Amino acid sequence: VQLVESGGGLVQPGGSLRLSCAASGFTFSSYHMSWYRQAPGKERELVAGITSAGDVTNYADSVKGRFTISRDNGKNTVYLQMNRLKAEDTAVYYCKAVWAIRYYWGQGTQVTVSS
C-alpha cells in the first residue's frame, strides 16, 4: 500500500497550489479520502474529506471557499486545490485513506506560504 503526496512547495500569500495524492496497493475507489495538515507545534487537523464516489465533500471552516478536494478514481488520485493561500496554511499536508477499520497515511508534503 502506498499513498504518495506531491505538489507542495513555497508560495506567496494569495497564491495557489494543487496537491496530489497517488494511491496504489488497495481498492482506491472504495475508500473515503481526506487531507490533513500539521503545522509545527500543533496537532494534525482535518482539512477536507471526500466520499468514495466523490459525491460528498466536507471542509474545515478555515479553508472553506478557498480549498477544493476532488478525486479521479480512474487514476487512483485525490487532489487538493488550494487558492488564496495564507501564512497560516503553512504545514505538512497528508492524505489519508479510510475504509471501515482500515486506514493508510501518506508521508506528507510541505506547503510553505511566505513572502
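So, about the sheet that holds strand E7 (residues 67-72). One open sheet holds the four strands; their spatial order is E1-E3-E8-E7, and the pairing between them is antiparallel. This sheet does not close on itself; its edge strands, each paired only once, are strand E1 (2-6) and E7. Within this sheet the neighbouring strands show an average axis-to-axis angle of 15°, counted without direction. Note that E1 and strand E3 (residues 17-24) share five bridges and pair antiparallel. Each bridged residue has a counterpart across the sheet, and for glutamate 5 the counterpart in E3 is cysteine 21.

Turning to the pattern of salt bridges, a few remarks are in order. Scanning the entire structure with this criterion turns up four salt bridges. With a shortest N-O distance of 2.9 Å, arginine 37 and aspartate 89 are connected by a salt bridge. Here arginine 37 is found in strand E4 (residues 32-38), whereas its partner aspartate 89 is found in the loop between strand E8 (77-82) and strand E9 (91-99), with 52 residues between them in sequence. On the basis of relative accessible area, arginine 37 is assigned to the buried category, the value being 6%. Judged by relative accessible area, aspartate 89 falls into the buried class, the value being 1%. Taken together, the salt bridges that share partners define one network made up of Arg37, Glu45, Arg66 and Asp89.

Going through the model one piece at a time under the given rule, you end up with seven aromatic pairs. Here the aromatic rings of phenylalanine 26 and tyrosine 31 are separated by 4.7 Å at their centres, their planes lie at 65°, and the arrangement is edge-to-face. Both residues of the pair, phenylalanine 26 and tyrosine 31, belong to the buried class. With 6.4 Å between their ring centres and 90° between their planes, tyrosine 94 and tryptophan 105 make a pair best called edge-to-face. Taken as a pair, tyrosine 94 in strand E9 and tryptophan 105 in strand E10 (residues 102-105) lie far apart in primary sequence, eleven residues in all. Note on tyrosine 94: relative accessible area 13%, which makes it buried. The rings of Phe26, Phe28, Tyr31, Trp99 and Tyr104 are connected pair by pair, giving a single aromatic cluster.

A few words now on the state of the cysteines. Taken as a whole and assessed by the stated rule, the structure comprises one disulfide. The residue that forms a disulfide with cysteine 21 is cysteine 95, at a sulfur-sulfur distance of 2.0 Å. Linking cysteine 21 and cysteine 95, the disulfide has an S-S dihedral of approximately 45° and is accordingly described as right-handed. Here cysteine 21, found in strand E3, pairs with cysteine 95, found in strand E9; they are 74 residues apart in sequence, far enough to count as distant. Take cysteine 21 and cysteine 95: they sit in the same class, and that class is buried.

Basis of the calculations
- Residues numbered from 1 in each chain as written.
- Predicted model: local features only at pLDDT ≥ 70, side-chain atom pairs only at ≥ 80, totals over all residues.
- Heavy atoms only, no water.
- Pairing = 2+ DSSP bridges.
- Helix = DSSP H or I, 4+ residues; strand = E, 2+ residues; numbered from the N terminus.
- Axes fitted to C-alpha atoms, helices over the stretch in contact; angles between N-to-C directions.
- Salt bridge = Lys/Arg side-chain N within 4 Å of Asp/Glu carboxyl O.
- Buried < 20%, exposed > 50% of the residue type's maximum accessible area, 1.4 Å probe, protein only.
- Phe/Tyr/Trp six-rings, centres within 6.5 Å; stacked < 30°, edge-to-face > 60°.
- Disulfide = S-S within 2.5 Å.

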